[in-house]
Amino acid sequence: MTMKVHFEKATRNLREMITENAERAKTAVRASLKAVQTKDLEFAESVVDGDMAIDMAENMIEEQCLNILALYQPVAEDLRRMAAILKANGEIERAGDLASSIANRVRDMARETPRINWDFTEMAELASGMFSRALDSLETENEKIAKQVIDEDDKVDELHHADYARVANCLANDPTASAYYLSALTVSRCLERLADIATNIAEDVVYLKTAEIVRHRAQK
Amino acid sequence: MQKKKNKIETKRLNFFYGDHQALFDNDLSIEANKITAVIGPSGCGKSTHLRVYNRIFELHRGQRAEGEVFIDGKDILDPGIDLLDLRRRVGMIFQKPTPFPMSVFDNVAYPIRLHFKASQKEIAERVENALRGAALWDEVKDKLRESGQALSGGQQQRLCIARAIAAEPEILLMDEPTSAIDPVGTLKIEELMDRLRERFTIVIVTHNMQQASRISDTTAFFYKGSIVEVGPTKLIFTNPRNKLTEDYVSGRFG
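One structure accompanies this document, and this report is about it.

What counts and how
- Residues numbered from 1 in each chain as written.
- Chains lettered and ligands numbered in written order.
- Predicted model: local features only at pLDDT ≥ 70, side-chain atom pairs only at ≥ 80, totals over all residues.
- Heavy atoms only, no water.
- Helix = DSSP H or I, 4+ residues; strand = E, 2+ residues; numbered from the N terminus.
- Buried < 20%, exposed > 50% of the residue type's maximum accessible area, 1.4 Å probe, protein only.
- Contact = heavy atoms within 4.5 Å.
- Lys, Arg positive; Asp, Glu negative; His and termini not counted.
- Charge placed at Lys NZ, Arg CZ, Asp CG, Glu CD.
- Axes fitted to C-alpha atoms, helices over the stretch in contact; angles between N-to-C directions.
- Parallel < 35°, antiparallel > 145°, perpendicular 65-115°, else oblique.
- Left-handed = near helix turned anticlockwise from the far one by under 90°.
- Nonpolar A, V, L, I, M, F, W, Y, C, P; charged D, E, K, R; others polar.
- Pairing = 2+ DSSP bridges.
- Buried area = accessible area lost by both parts, 1.4 Å probe.
- Salt bridge = Lys/Arg side-chain N within 4 Å of Asp/Glu carboxyl O.
- Expected span 1.5 Å × (residues − 1).
- Polar contact = N/O pair within 3.5 Å; in protein donor to acceptor, adjacent residues only side chain to side chain.
- Phe/Tyr/Trp six-rings, centres within 6.5 Å; stacked < 30°, edge-to-face > 60°.
- Lys NZ or Arg CZ within 6 Å of the ring centre and 35° of its normal.
- Core = buried A, V, L, I, M, F, W, Y, C linked by side-chain atoms within 4.5 Å.

## Regarding the overall build of chain A
In step 1: Helices and strands together make up the secondary structure of chain A, namely 6 helices and 0 strands.
In step 2: When the helices and strands of chain A are read in sequence order from the N terminus, they spell out α-α-α-α-α-α.
In step 3: Along the three orthogonal principal directions, the C-alpha set of chain A runs to about 70 × 40 × 20 Å.
In step 4: In chain A, which comprises 220 residues, the share counted as buried stands at 48%.
In step 5: Looking at chain A alone, contacts between residues at least 24 apart form 85% of all its contacts between residues at least 6 apart.
In step 6: Counting 28 positive and 40 negative side-chain charges, chain A places the centres of these two groups 3 Å from one another.

If you want it as structure tokens, here you go:
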């Protein structure tokens, strides 16, 4: 027998809202990567247009979180869930912004005819895969998946560092297409940050399930 | 790090109302100069447990406690213990304020006259100190001769706290001390408890989970006469170890 019908209902509603916004962000990320790979400006535009919906939903989710905190004063796992959702909410919005940044770079890249075509496939698949799974772990509150996501962050970091050297090389060999390579580096950085966002969300999920703050573990 | 000092050590405490067993092998350490909150659903034994600490249950026929309850290393369940002295050392505040039908002054002077040999002047001093200690002096200093029962509910409860601390106890037991008090009066008593912890060891039974989380250092969760979980309050309300505790503090039953 539960005395918390209202609280459970409000929480269910909140989880639906964040899952919905997570889907929007996933779609935006996928579309932005498609735009980069196909140089198709229509994909790029759909991402930029869709970002407003992600931003609006972020505000509504935050409001709903604060309402629940004020009205029900949750404790224990209920409290940790609110903390995790409140933080993941901001991360999802930032992922939407990153998708827009990537989409915006497509215009610059489409104008250039570089000698060396940049292949983002590996990094894009890794980062967007991490992001997608981090959001799934939030939706299903699955700590195991979350921990796997955290472990993958290093690979993306390595790829991004390697891109620095590649860009320097390309700029020296093909200076006329410098705008293309600099945009490529921006996309690489966006992907690296997307992986960071996935890691942050995954860390929030681990906190939600275990009450353990695993952030900044690697630096210790 | 300073070693924790336990004021009360309860070991395998069992309690019976006639044939009915109400407490089962309770083990609980109460740290000195801290506030320990005892929480749990109605009938879980939290008040029963508290009432063992000053053996007030003995006022009723057919109730008995088995096990050991050490206060400063001495077992207070020992039949040879001086009960009057025990009850001076272990003061108690009840759910409903219980001022005696006498003046504000005499309410507080009562335990002083009972326990200490003091001159009129000393009594007056001690009464004032106790009323100040209970954060009530400023509100009653001009009506010390008026009936204690004429005060507001919150003031009556602080009068009872003044009366309890006038006996110079070491431990204060509070059995839902604010459940009959309005929010402002509750806040005053909670602020007062925060100051009292410097001088006394406090054990409070409360139904108000937010109160337990606001004021206590340690929380013990009772269920069906057993202690399910004891730990730092912060942990009990953020990450309880036991599923029952989690369900209770998050309001899923009780």
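Next comes the rest of the description.
## Description of the packing of helix H1 (residues 5–38) of chain A against helix H3 (residues 76–111) of chain A
All names here are of chain A.
In step 1: The geometry of H1 relative to H3 is characterised by a closest axis approach of 9 Å and an angle of 20° between their N-to-C directions. One finds that H1 runs roughly parallel with respect to H3. Regarding H1 and H3, the two cross each other, and that crossing is left-handed.
In step 2: Class assignment for the residues of the contact of H1 with H3 results in 19 nonpolar, 4 polar and 3 charged.

## Some remarks on the pairing of strand S9 (residues 218–223) of chain B
Residues and elements named next belong to chain B.
In step 1: S9 sits mainly inside the fold: 5 of its 6 residues count as buried.
In step 2: In this sheet, S9 lies alongside strand S3 (residues 35–39) in parallel orientation, the contact comprising 4 bridges. Paired with Ala 37 across the bridge in S9 is Thr 219.
In step 3: With 6 bridges joining them, S9 and strand S10 (residues 226–232) adopt antiparallel strand pairing. In the strand pairing of S10, Thr 219 is matched with Gly 231.
In step 4: Counting the residues in the hairpin turn of S9 and S10 gives 2 residues, including Lys 224, whose phi is positive at 50°.

## Description of the interface of chain A and chain B
In step 1: Taken together, the 15 residues of chain A in the interface contact 11 residues of chain B.
In step 2: Overall, the association of chain A and chain B removes approximately 1000 Å² of surface from exposure, summing both partners, and the carbon and sulfur fraction of that is 44%.
In step 3: Seen at the junction of chain A and chain B, the total is 2 salt bridges.
In step 4: The salt bridge involving Asp 78 of chain A is made with Arg 252 of chain B; its shortest N-O contact spans 2.8 Å.
In step 5: For the side of chain A that touches chain B, the secondary-structure elements that each account for two or more residues are H1 and H3 of chain A.
In step 6: Among the elements that take part in the side of chain A that touches chain B, H3 of chain A stands out by supplying 5 residues, more than any other.

## Brief notes about helix H4 (residues 121–140) of chain A
Given 3.6 residues to a turn, an α-helix orients residues that are three or four positions apart in the same direction.
In step 1: The first and last C-alpha atoms of H4 of chain A sit 28 Å apart over 20 residues, in line with the 28 Å expected at 1.5 Å per residue.
In step 2: Directly after H4 of chain A, the chain includes Glu 141 of chain A, whose backbone phi takes a positive value near 55°.

## Side note on the pairing of strand S1 (residues 6–17) of chain B
All names here are of chain B.
In step 1: Examined bridge by bridge, S1 and strand S2 (residues 20–31) share 8 bridges and lie antiparallel to one another. Across the sheet, residue Asn 6 finds its bridge partner in S2, namely Glu 31.
In step 2: The antiparallel hairpin formed by S1 and S2 contains 2 residues in its connecting segment, where Gly 18 sits at a positive phi of about 60°.
In step 3: One ladder, built from 8 bridges, connects S1 with strand S4 (residues 63–71); its direction is antiparallel. Paired with Glu 9 across the strands is Phe 70, a residue of S4.

## Digging into the side chain of Thr 11 of chain A
Residues and elements named next belong to chain A.
In step 1: Positionally, Thr 11 belongs in helix H1.
In step 2: The exposure class assigned to Thr 11 is buried, which follows from its relative accessible area of 7%.
In step 3: Among the polar contacts made by the side chain of Thr 11, one reaches the main-chain carbonyl oxygen of Phe 7 at a distance of 2.8 Å.

## Some thoughts on the packing of aromatic side chains
In step 1: Taken as a whole and judged by the stated rule, the model has 11 aromatic pairs over all chains.
In step 2: When the ring of Trp 118 of chain A is compared with that of Tyr 181 of chain A, the centres are 6.4 Å apart and the planes differ by 55°; the resulting orientation is tilted. Of this pair, Trp 118 of chain A sits in the loop between H3 and H4 while Tyr 181 of chain A is found in helix H6 (residues 178–210), placing the two residues 63 residues apart along the sequence.
In step 3: The buried category is assigned to Trp 118 of chain A, whose relative accessible area is 8%.
In step 4: Centroid distance Tyr 180 of chain A to Tyr 181 of chain A: 5.4 Å. Interplanar angle 85°. Geometry classified as edge-to-face. Across this residue pair, the class does not change: Tyr 180 of chain A and Tyr 181 of chain A are buried.
In step 5: Every member of this aromatic cluster is reached through a ring pair, and the members are Trp 118, Phe 120, Tyr 180 and Tyr 181 of chain A.
In step 6: The positively charged end of Arg 126 of chain B is found above the aromatic ring belonging to Phe 116 of chain B, 4.5 Å away from the centroid.
In step 7: Residue placement shows Arg 163 of chain B over the ring face of Phe 100 of chain B; its charged tip is 3.9 Å from the ring centre.

## With respect to the nonpolar core
In step 1: Of all hydrophobic cores here, the largest spans 63 residues; its most connected members are Trp 118, Phe 120, Phe 131, Leu 191 and Ile 201 of chain A.
In step 2: Secondary-structure elements contributing two or more residues to this core are H1, helix H2 (41–72), H3, H4, helix H5 (143–173) and H6 of chain A.
In step 3: Per element, the largest residue contribution to this core is 15 residues, and it comes from H6 of chain A.
In step 4: Once residues lying within four places of it in the same chain are set aside, the contact partners of Ile 201 of chain A are Ala 88, Glu 91, Ile 92, Phe 131, Ala 134, Leu 135 and Leu 138 of chain A.
In step 5: Core analysis: the next-biggest nonpolar cluster, separate from the first, contains 45 residues, Leu 144, Ile 161, Ile 181 and Leu 196 of chain B among them.

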